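Topology and contacts: notes
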Amino acid sequence: MASFSLDDIRAAAERKYGSTDITLGEDTVRLLNPLRLPKARRDALLSLQEQMSADDADQAALLSDAIRTIAESEKAAEKLLEAVGGDLAVLAEIFGHYGESTQAGEASASQD
């Protein structure tokens, strides 16, 4: 019979569903995996993703709002957004890395 501690399960969840960390000088901004977000923030993220497909969507504003939704704290989000300065290419790159890291557990499991 297999036996696991809650700490073992938490460590496994962190390995599989951990954050995407972005270093800003001395600080690190943690972008949380959607599965680690409270339901209200997951719902907000889903709504933002749906809005991004609209023809007249302000991508920079929506990506900035998404960062505010997935960042570990409001202060961290604002620090990252200030450093990015509204650069859409940088925002898109951040979300490219975020998307890859949040899919990593699923991708490795489906390759079998």
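Residues numbered from 1 in each chain as written. Predicted model: local features only at pLDDT ≥ 70, side-chain atom pairs only at ≥ 80, totals over all residues. Heavy atoms only, no water.

**Remarks on the pairing of strand 2 (residues 27–31)**
So the rule is basically this: Between any two strands, pairing holds if DSSP finds at least two bridges. In this description a helix means any DSSP run of H or I spanning at least four residues, a strand means any run of E spanning at least two, and both kinds are numbered starting from the N terminus.
Here strand 1 (residues 20–24) runs beside strand 2; their pairing, made up of five bridges, is antiparallel. Looking at strand 2, one finds that T20 is bridged to L31. In textbook terms, the turn of a hairpin is the stretch between consecutive antiparallel strands, and for strand 1 and strand 2 this stretch comprises two residues, one of which, G25, has a positive phi near 60 degrees.

**As for the nonpolar core**
Put simply, the rule reads: To define a nonpolar core, start from buried Ala, Val, Leu, Ile, Met, Phe, Trp, Tyr and Cys residues and group those joined through side-chain atoms within 4.5 Å. When accessible area is computed with a 1.4 Å probe and restricted to protein chains, residues below 20% of their type maximum are described as buried, those above 50% as exposed, and intermediate ones as partly exposed. Pairs of residues are marked as contacts when any of their non-hydrogen atoms sit within 4.5 Å.
Of all hydrophobic cores here, the largest spans 23 residues; its most connected members are L31, I67, I70, L80, I94 and F95. Elements represented by at least two residues in this core include exactly strand 2, helix 2 (39–52), helix 3 (59–70), helix 4 (74–84) and helix 5 (88–110). Ignoring sequence-local partners within four residues, the contact set of I70 consists of R30, L31, L32, L37, R41, L45, F95 and Y98.

**Thoughts on the environment of A66**
Counting through the fold element by element, A66 comes out in helix 3. Here the alpha-carbon distance between A66 and L45, two residues 21 residues apart in the chain, equals 6.1 Å. What A66 contacts, discounting residues up to four positions off in sequence, is L45, L48, M52 and F95.

**What about the packing of helix 3 against helix 4?**
Stated formally: Every angle, taken between N-to-C directions, lies between 0 and 180 degrees, and every axis is a line fitted to C-alpha atoms, over only the stretch in contact when it is a helix. Handedness of a crossing is defined here by the sense of rotation of the near helix relative to the far one, left-handed for an anticlockwise turn of less than a right angle and right-handed for a clockwise turn. Put simply, Ala, Val, Leu, Ile, Met, Phe, Trp, Tyr, Cys and Pro go in the nonpolar bin, Asp, Glu, Lys and Arg in the charged bin, and everything else, Gly too, in the polar bin.
Close contact between helix 3 and helix 4 brings their axes to 8 Å; oriented N to C, the two are set at 150 degrees. Along this stretch, helix 3 crosses helix 4, giving a crossing that reads as right-handed. Within the contact between the two elements, helix 3 uses S64, I67 and R68 and helix 4 uses A77, E78, L80 and L81. Of the residues contributing to the contact of helix 3 with helix 4, the split by class is four nonpolar, one polar and two charged.

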